[in-house]
Amino acid sequence: GVLQAPPPRVLPSLPHERYAIIRFNALRADTPVAPLAPFVTAERPKAYSDTTMAEIMEVTIGNLEAGRGAWDAVQDRSSTARFDYDEWRRRAAAAGAARAAASARDEL
């Protein structure tokens with residue numbers, strides 16, 4: 001994108017591990033999150049798929065639970081800045097359908 005996310009600056013100050021979660025404050029769960037029109041051009045297409053605050057938080061918490069952080073030190077950028085929420089939704093829908101089919105087979 002045009003505006004790069006800065007690297008997190010959470011300094012160890014407590015005797016236990018802690019996480020910093022980047023969050024858009026005061027947004028309802030169903031609030032759309034998408035690139036602003038002035039930042040999307042033919043030369044500079046949008047870098048991430050449209051999503052909602054609820055999806056961002058679900059992915060962020062899932063990444064933390066899986067031991068993945070929010071900053072890619074190798075790429076020196078946010079690991080979720082170019083996350084493909086469309087693909088995530090397709091995978092979640094397929095997993096849900098597979099669970100429903102397995103549950104239906106179990107009921108037979």
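It should be noted that the structure appears before, not after, this text.
Here is what the cut-offs are and how they apply
- Residues numbered from 1 in each chain as written.
- Predicted model: local features only at pLDDT ≥ 70, side-chain atom pairs only at ≥ 80, totals over all residues.
- Heavy atoms only, no water.
- Core = buried A, V, L, I, M, F, W, Y, C linked by side-chain atoms within 4.5 Å.
- Buried < 20%, exposed > 50% of the residue type's maximum accessible area, 1.4 Å probe, protein only.
- Helix = DSSP H or I, 4+ residues; strand = E, 2+ residues; numbered from the N terminus.
- Contact = heavy atoms within 4.5 Å.
- Phe/Tyr/Trp six-rings, centres within 6.5 Å; stacked < 30°, edge-to-face > 60°.
- Salt bridge = Lys/Arg side-chain N within 4 Å of Asp/Glu carboxyl O.
- Polar contact = N/O pair within 3.5 Å; in protein donor to acceptor, adjacent residues only side chain to side chain.
- Patch = residues over 30% accessible without salt bridge, like charges linked within 9 Å, V, L, I, M, F, W, Y side chains within 5 Å.
- Areas by Shrake-Rupley, 256 points an atom, 1.4 Å probe, with all protein chains shown as cover.
- Expected span 1.5 Å × (residues − 1).
- Arc of directions from axis to C-beta.

Engineer: Describe the nonpolar core, and please don't skip the residues or the numbers.
Structural biologist: By size, the foremost hydrophobic cluster in this structure holds five residues: V33, M53, I56, V59 and Y85. Looking at which element gives the most residues to this core, the answer is helix α1 (residues 53-65), with three residues. Those residues within four positions of Y85 in sequence are excluded, and the remaining contacts are S49, D50, T51, E55, I56 and V59.

Engineer: Explain the packing of aromatic side chains to me, using residue names and the numbers behind them.
Structural biologist: Applying the stated criterion across every chain yields a total of one aromatic pair. When the centroid spacing of 6.4 Å and the interplanar angle of 80 degrees are considered together, the rings of Y85 and W88 count as edge-to-face. Of the two residues, Y85 and W88 both sit in helix α2 (residues 85-107), three residues apart, roughly one turn of that helix. The exposure class of W88 is partly exposed, given its relative accessible area of 22%.

Engineer: Which residues make up the pattern of salt bridges, and what values go with them?
Structural biologist: Counted under the stated rule, the structure contains six salt bridges. Here the residues in one salt-bridge network are E55, D86 and R89, joined through shared partners.

Engineer: Now, about the side chain of T51: what can you tell me, with residues and values included?
Structural biologist: Counting through the fold element by element, T51 comes out in strand β2 (residues 51-52). Among the polar contacts listed, one links the side chain of T51 to the side chain of E55, at a separation of 2.5 Å. Each residue touching T51, except ones within four places of it in the same chain, is listed here: T31, P32, V33, I56, Y85 and R89.

Engineer: Describe a nonpolar patch on the surface, naming the residues involved and giving the relevant values.
Structural biologist: Judged by side-chain polarity, L36, F39 and V40 come together as a nonpolar surface patch covering roughly 260 Å² of accessible area. Checked against the element boundaries, V40 lands in the loop between β1 (32-33) and β2. Judged by its relative accessible area of 34%, V40 is partly exposed.

Engineer: Outline α1, listing residues and values.
Structural biologist: Because the α-helix completes a turn every 3.6 residues, residues three or four places apart line up on one side. Compared with an ideal rise of 1.5 Å per residue, which puts 13 residues at 18 Å, α1 spans 18 Å between its outermost C-alpha atoms and is within 8% of the ideal. What α1 keeps buried is the set M53, E55, I56, V59, T60, N63 and L64. Down the axis of α1, the smallest arc covering the buried residues is 165 degrees, so these residues share one side. In α1, those exposed residues whose orientation departs by more than 90 degrees from the buried face are E58 and E65. Against β1, β2 and α2 lie the buried residues of α1. Phi turns positive one or two residues past the end of α1, at G67, with a value near 85 degrees.

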